[in-house]
Amino acid sequence: DTKKSTMSTEPKLAFIGAGLMGVPMATRLLNAKYEVAAWNRTKTKLAPLEAKGARVCETAAEAIASAEVTIIMLSASKAIKAVLVDDAKALGAVKGKTIVNMSTIGPDESKAFAAAVAEKGGSYVESPVLGTVPHATNGVLQILASADDEKLVTAILPILKVMGKPRFIGKITSSCTYKLALNSMLVANTTALAYSLGYLRRSGLDTKTFMDIVQGGILQCPYYNLKYKGMMERNFSPTNFATSLMLKDVNLAIEDGKRKGINTNSVEGIQSVLQKAIDIGEGESDFSSLYNAVDPKD
């Protein structure tokens, strides 16, 4: 059968991570008939992928060894280090394979992972994504791909295109830097909206009128409409991007910004708002719950 023989030429994939983003991303690859070996520290989270045909592995090393291309989608660099670098079997399995790190981490962290993979004879692509769970589910993530050799990205474009819209950004650290810049802007806009809405609410003024003015002029931004209703109702479900993860990214942006000599005061203000949101129990809520830290409940 011609279709089957064509399918067999597709590279075997491994997917490390079954969190909020990992599951819909891996599901799209399975739906596209890629052979996927999956691993996650909490095995029960792999159930939806197993139901779609993924082969569940006992260890990350087993998954990496079975695949030509391994996609990593974990919450932070500490988790990636534990899975990829600190595990000698996993790192030993990367020879001749491509590791695609789609997690949001700092540029220096990515550079270190790239060096560790290269030392063992593997190839490394840094490929963070812009978007949340609905974008991952619908395959419309913006995918920022960096590699020291652009051919590495070109070779995996068909895989990346299943999950979203990839673009080559440049050498290793470029995509991570863009991603931290984008998330800094995202959370700044969200915090500004929260402050303006809370300020008007406590002044006894109509927030709908405010939104009409915003959307009718130079401040027009579709994103504000996505967050407005949830803030006004204090309903932050479902979680598309957890507050704890946004704080992790803001911390990375501040750390790298300071190294580069930029004034980080504005982002440090947002950092304190996110920390306050976590302190009042919103760590696993969508990060728009920072509204409750800006405008506490009466």
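Predicted model only: the values in this text are computed from it and were never measured. (Residues numbered from 1 in each chain as written. Predicted model: local features only at pLDDT ≥ 70, side-chain atom pairs only at ≥ 80, totals over all residues. Heavy atoms only, no water.)

A. Structural view of the pattern of salt bridges. The tally for this structure, following the rule as stated, stands at 16 salt bridges. Asp-298 serves as the salt-bridge partner of Arg-201, at 3.1 Å between the closest nitrogen and oxygen. Of this pair, Arg-201 sits in helix α10 (residues 174–202) while Asp-298 sits in the segment after α15 (291–294); the two residues are 97 residues apart in sequence, bridging distant segments of the chain. A relative accessible area of 28% means that Arg-201 is categorised as partly exposed. For Asp-298, a relative accessible area of 81% gives the class exposed. A salt bridge links Lys-229 to Glu-233; the shortest N-O distance between them is 3.3 Å. One end of the pair is Lys-229 and the other is Glu-233, both in helix α12 (residues 222–233) and four residues apart, which spans about a single turn. You can call Lys-229 exposed: its relative accessible area is 54%. (Salt bridge = Lys/Arg side-chain N within 4 Å of Asp/Glu carboxyl O. Helix = DSSP H or I, 4+ residues; strand = E, 2+ residues; numbered from the N terminus. Buried < 20%, exposed > 50% of the residue type's maximum accessible area, 1.4 Å probe, protein only.)

B. Fine view of the packing of aromatic side chains. With the rule as written, the count across this model stands at two aromatic pairs. Centroid distance Tyr-195 to Tyr-199: 6.0 Å. Interplanar angle 10°. Geometry classified as stacked. One end of the pair is Tyr-195 and the other is Tyr-199, both in helix α10 and four residues apart, which spans about a single turn. Look at Tyr-199 and you get exposed, because its relative accessible area is 53%. Measuring from centroid to centroid gives 5.5 Å for Phe-241 and Phe-287, while their planes differ by 65°, and the two rings are edge-to-face. Taken together, the positions of Phe-241 in the loop between α12 and α13 (243–259) and Phe-287 in the loop between α14 (265–282) and α15 put the pair 46 residues apart, joining distant regions of the chain. A relative accessible area of 12% means that Phe-241 is categorised as buried. For Phe-287, a relative accessible area of 2% corresponds to the buried category. (Phe/Tyr/Trp six-rings, centres within 6.5 Å; stacked < 30°, edge-to-face > 60°.)

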